[in-house]
Amino acid sequence: MTVPDIKIAPSLLAADFARLGEEIARIEDHVELLHLDIMDGHFVPNISFGMPVIASVRAITDLPLDCHLMTTNPVTYLESFREAGADSVTVHIEAIPDPTKAMTKADELGLGFAIALNPSSPFASIEPFVEDCSMVLIMSVEPGFGGQSFLPEVLPKVEKARAWIDGHGLATDIEIDGGVDPESAVAAVSAGANVLVAGSAVFQDPDPVAAIDRIRNLSGA
Ligand code: DX5
Ligand code: ZN
């Protein structure tokens, strides 16, 4: 198995929004990207934040902004996400079963492109599109809320995705999202994930940098 470099992507959903600047400043030298969860109240039963927050974050950090779109109609907003400062977007296959248009549009806009899979969606549903993705996101909780427990039953899907990507000679990142802590990170990395999203495990810890180091060291990065 070829696992590309490990990247840690703290999810801002678990940060204190009243002190977002300080929260980011504290961790930014210790992580590779920031994960921004956009929820529309339709695709998932929760609403988070949108363009103004992305633009404010863009203004205070040079870290790549990894925008996870839990929305029913992501294509409509790709240009606005780009303008707000997103570097990459992740769309859900359950929201757009044929993401070809989204992929083309993201490419035109210079956005990195990833497809996400809910826990019950099989890897086969995204297989035809993986070659054109910079990343695949495997949800390890039902999307919509932070602070849930990691679902180990998604690990075989991570293994399958890594085997497929390796088998095709690709360097596609595999991101795991939901309930990632030092312990589940080890399991996710062993299965082949290399981009670790962690919300609560980072921002709910009194020492977020130590929490990041624990995740990184234990997962062998
Ligand atoms: C859930 C989001 C996650 C979430 C992760 O729908 O996609 O990114 O913020 O939070 P934790 O790490 O607390 O599970
Ligand atoms: Zn997410």
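Here goes a summary of the coordinates provided. Quick caveat, the model's predicted, so the values are computed rather than measured.

A word on the packing of aromatic side chains. One pass over the structure, following the stated rule, counts 2 aromatic pairs. On the basis of an interplanar angle of 75° and a centroid distance of 5.6 Å, the ring pair of F17 and F49 is categorised as edge-to-face. Note that F17 is positioned in the loop between β1 (7-10) and α1 (20-27) and F49 in the loop between β2 (34-39) and α2 (51-60), a separation of 32 residues in sequence. Ring centres of F123 and W164 lie 5.9 Å apart, and the angle between their planes is 65°; on these two criteria the pair is classed as edge-to-face. Of the two residues, F123 sits in the loop between β5 (112-117) and β6 (135-139) while W164 sits in helix α5 (residues 155-167), which places them 41 residues apart along the sequence. As far as the burial class goes, F123 and W164 line up, both buried.

L34, L36, F113, I138, I176 and L196 are the most contacted members of the largest nonpolar core, which has 63 residues in total. Here this core gets 5 residues from one element, more than from any other, and that element is α5. When sequence neighbours within four positions are dropped, the list of residues in contact with F113 reads V89, V91, P99, A102, M103, A106, C133, S134 and M135. Counting 6 residues, the second largest nonpolar core, distinct from the first, contains A9, M135, V195 and V197.

A word on helix α6 (residues 182-191). Along an α-helix, residues three or four apart share an orientation, since each turn contains 3.6 residues. Where α6 is concerned, the buried positions are S184, A185, A188, V189 and A191. Along the axis of α6, the buried positions cluster into a sector of 155°, meaning they face one direction only. Exposed side chains of α6 directed beyond 90 degrees from the buried face belong to E183 and S190. Those residues of α6 hidden inside the fold are in contact with α5, β7 (173-177), β8 (195-198) and α8 (208-218). Phi for G192, located one or two positions after α6, is positive at around 125°.

Scoring rules and cut-offs
Residues numbered from 1 in each chain as written. Chains lettered and ligands numbered in written order. Predicted model: local features only at pLDDT ≥ 70, side-chain atom pairs only at ≥ 80, totals over all residues. Heavy atoms only, no water. Phe/Tyr/Trp six-rings, centres within 6.5 Å; stacked < 30°, edge-to-face > 60°. Helix = DSSP H or I, 4+ residues; strand = E, 2+ residues; numbered from the N terminus. Buried < 20%, exposed > 50% of the residue type's maximum accessible area, 1.4 Å probe, protein only. Core = buried A, V, L, I, M, F, W, Y, C linked by side-chain atoms within 4.5 Å. Contact = heavy atoms within 4.5 Å. Arc of directions from axis to C-beta.

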